[in-house]
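# Coordinates in review
Letter by letter, the chains look like this.
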Amino acid sequence: MSGISIFMYHQVGRFAPMRDHRANYCDVDRFRAQLRYLKLIGASVLSMSDALAALQGRRPLPPRAVVLSFDDGCENFHEYALPVLEEFGYPAIAYVIAGMTGGKAEWLAAAGHPTPPLMDWSRLREIAARGVEIGSHAYHHVRLAGLDAATLAHEVTDSKRRIEDELGQAVPHFCYPYGSHDLATMDAAAAAGYQSAVTCQRGAATPAFDPLALPRKGISYGDNALGFAWKLHTKDRPKGAALHRTA
């Protein structure tokens with residue numbers, strides 16, 4: 001593998017088998033097996049901030065580097081994923097939706113899936129105190145590409161300010177909902193002061209990528225330890241063209 005494998009998770013827990021939207025789910029026993037594999041091979045599991053520093057040449061890029069990222073901020077992160085992360089001593093980043101904390105993942109209802117509760121501000125303060133980085137996943141869970149400038153600024157900038165105000169800490173990292181991004185959204189992220197942003201483009205993150213359009217490797221319900229290892233070691237080549245800002 002080369003670069004940094006930023007793994008993309010959503011919900012972690014125990015779920016009934018499903019046929020669609022499998023990328024929204026990871027069985028907790030499989031999650032533990034995946035982290036056990038990282039420990040077995042001596043992977044360097046980095047915080048998002050340390051990964052960005054390595055990509056920008058501000059610290060060495062370690063071998064077998066990995067970031068564990070979690071979208072949406074579902075309550076089951078606290079119940080299932082965090083205890084396993086702490087069991088292995090691994091850092092993680094949770095990207096949360098500033099305007100929906102304490103609510104439910106209502107967007108899943110359209111696909112006929114349950115709408116799990118989202119962590120509220122009290123819970124987010126707790127997990128931040130336990131070492132989890134908190135990033136922004138916009139103000140609402142909407143596709144950002146193509147939005148008018150005012151709405152885009154609200155989603156990108158106001159979400160950062162709200163999370164910072166609630167948690168009392170800087171929020172330098174962003175995640176595009178649905179991976180929806182274009183040059184305008186990247187410019188908005190830069191203007192808001194984000195240092196990194198992640199997409200749903202598949203591949204390993206390298207210094208060649210714009211830090212506001214970093215690729216990730218999605219983990220889904222069907223990924224056992226073998227499938228996880230396959231993605232870690234072989235899915236480095238970017239799938240699709242990456243966007244770069246000119247300034």
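Reading guide: rules and limits
Residues numbered from 1 in each chain as written. Predicted model: local features only at pLDDT ≥ 70, side-chain atom pairs only at ≥ 80, totals over all residues. Heavy atoms only, no water. Helix = DSSP H or I, 4+ residues; strand = E, 2+ residues; numbered from the N terminus. Rg over C-alpha atoms; globule rule 2.2 N^0.38 Å. Contact = heavy atoms within 4.5 Å. Areas by Shrake-Rupley, 256 points an atom, 1.4 Å probe, with all protein chains shown as cover. Lys, Arg positive; Asp, Glu negative; His and termini not counted. Charge placed at Lys NZ, Arg CZ, Asp CG, Glu CD. Axes fitted to C-alpha atoms, helices over the stretch in contact; angles between N-to-C directions. Parallel < 35°, antiparallel > 145°, perpendicular 65-115°, else oblique. Left-handed = near helix turned anticlockwise from the far one by under 90°. Nonpolar A, V, L, I, M, F, W, Y, C, P; charged D, E, K, R; others polar. 1 Å grid on protein atoms, 1.4 Å probe; cavity = no way out; pocket = protein on both sides within 12 Å on 5 of 7 lines; lining within 4 Å. Points joined across faces, edges and corners; volume = space filled by probe spheres on them. Salt bridge = Lys/Arg side-chain N within 4 Å of Asp/Glu carboxyl O. Buried < 20%, exposed > 50% of the residue type's maximum accessible area, 1.4 Å probe, protein only. Pairing = 2+ DSSP bridges. Right-handed = clockwise from strand over helix to strand, strands pointing away.

As a further point, take the overall build of the protein chain. Regarding its fold elements, the protein chain presents 7 helices and 10 strands. For 247 residues, the compact-globule estimate of 2.2 N^0.38 gives 18 Å, and the C-alpha radius of gyration of the protein chain, at 17 Å, lies within 12% of that figure. Taking the principal axes of its C-alpha atoms as reference, the protein chain extends roughly 45 × 40 × 35 Å. Contacts in the protein chain between residues far apart in sequence, at least 24 positions, make up 66% of those at least 6 positions apart. Put simply, the protein chain shows about 10,300 Å² of open surface, and 53% of that area lies on carbon and sulfur atoms. Of the side chains in the protein chain, 26 bear a positive and 25 a negative charge, and the two mean positions are spaced by 8 Å.

Attention shifts here to the packing of helix α1 (residues 28-40) against helix α7 (residues 225-234). Axis separation between α1 and α7 bottoms out at 9 Å; the angle between their running directions is 50°. By the angle class used here, α1 and α7 are oblique. Crossing handedness for the pair α1 and α7: right-handed. Residue-level inspection shows Ala 33, Gln 34, Tyr 37 and Leu 38 of α1 in contact with α7, the latter providing Ala 225, Phe 228, Ala 229, Leu 232 and His 233. When grouped by side-chain class, the residues that make up the contact of α1 with α7 number 7 nonpolar, 2 polar and no charged.

If you roll a probe as big as a water molecule over the atoms, it shows you where there is empty space left. Scanning the entire structure with this criterion turns up 1 cavity of 30 Å³ or more. In this structure, the largest cavity encloses a volume near 30 Å³. Surrounding the largest cavity, Asp 72, Gly 73, Val 96, Ile 97, Met 100, Thr 101, Leu 118 and Met 119 form its lining. In the lining of the largest cavity, the residues fall into 5 nonpolar, 2 polar and 1 charged.

Applying the stated criterion across every chain yields a total of 16 salt bridges. Here Glu 75 makes a salt bridge to Arg 123, at a shortest N to O gap of 2.9 Å. Taken together, the residues Glu 75 in helix α3 (residues 75-88) and Arg 123 in helix α4 (residues 121-129) connect sequence positions 48 residues apart. Residue class for Arg 123 comes out partly exposed when judged on its relative accessible area of 23%.

Attention shifts here to the pairing of strand β5 (residues 65-72). With 8 of its 8 residues buried, β5 lies for the most part within the structure. Bridge analysis of strand β1 (residues 4-9) against β5 gives 6 bridges, and the strand direction is parallel. Paired with Ile 4 across the strands is Ala 65, a residue of β5. Strand direction decides the pairing type here: strand β4 (residues 44-46) and β5, joined by 3 bridges, are parallel. Paired with Ser 44 across the two strands is Ala 65, which belongs to β5. For the segment spanning β4, helix α2 (residues 48-55) and β5, crossover handedness is right-handed. Chirality of the crossover, the property in question, places the unit of β5, α3 and strand β6 (residues 93-96) among those that are right-handed.

The next thing to look at is the packing of α4 against helix α5 (residues 149-167). Where α4 meets α5, the closest approach of the two axes is 10 Å, and the angle between their N-to-C directions is 75°. The angle between α4 and α5 places the two elements in the roughly perpendicular class. When α4 is examined against α5, the residues Trp 121, Leu 124 and Arg 125 are found in contact with a partner set consisting of Arg 162, Ile 163, Glu 166 and Leu 167. Residue classes in the contact of α4 with α5 are distributed as 4 nonpolar, no polar and 3 charged.

All right, on to the pairing of strand β9 (residues 196-202) then. Most of β9 is tucked away: 5 of the 7 residues are buried. Pairing between strand β8 (residues 173-175) and β9: 3 bridges, direction parallel. Its bridge partner being in β9, Phe 174 is matched across the sheet by Ala 197. After leaving β8, the chain enters helix α6 (residues 183-192) and then returns to the sheet as β9, a path that is right-handed. As paired elements, β9 and strand β10 (residues 214-218) share 2 bridges and run parallel to each other. Counted as the bridge partner of Val 198 is Leu 214 from β10.

Nothing here speaks to function; it is all geometry.
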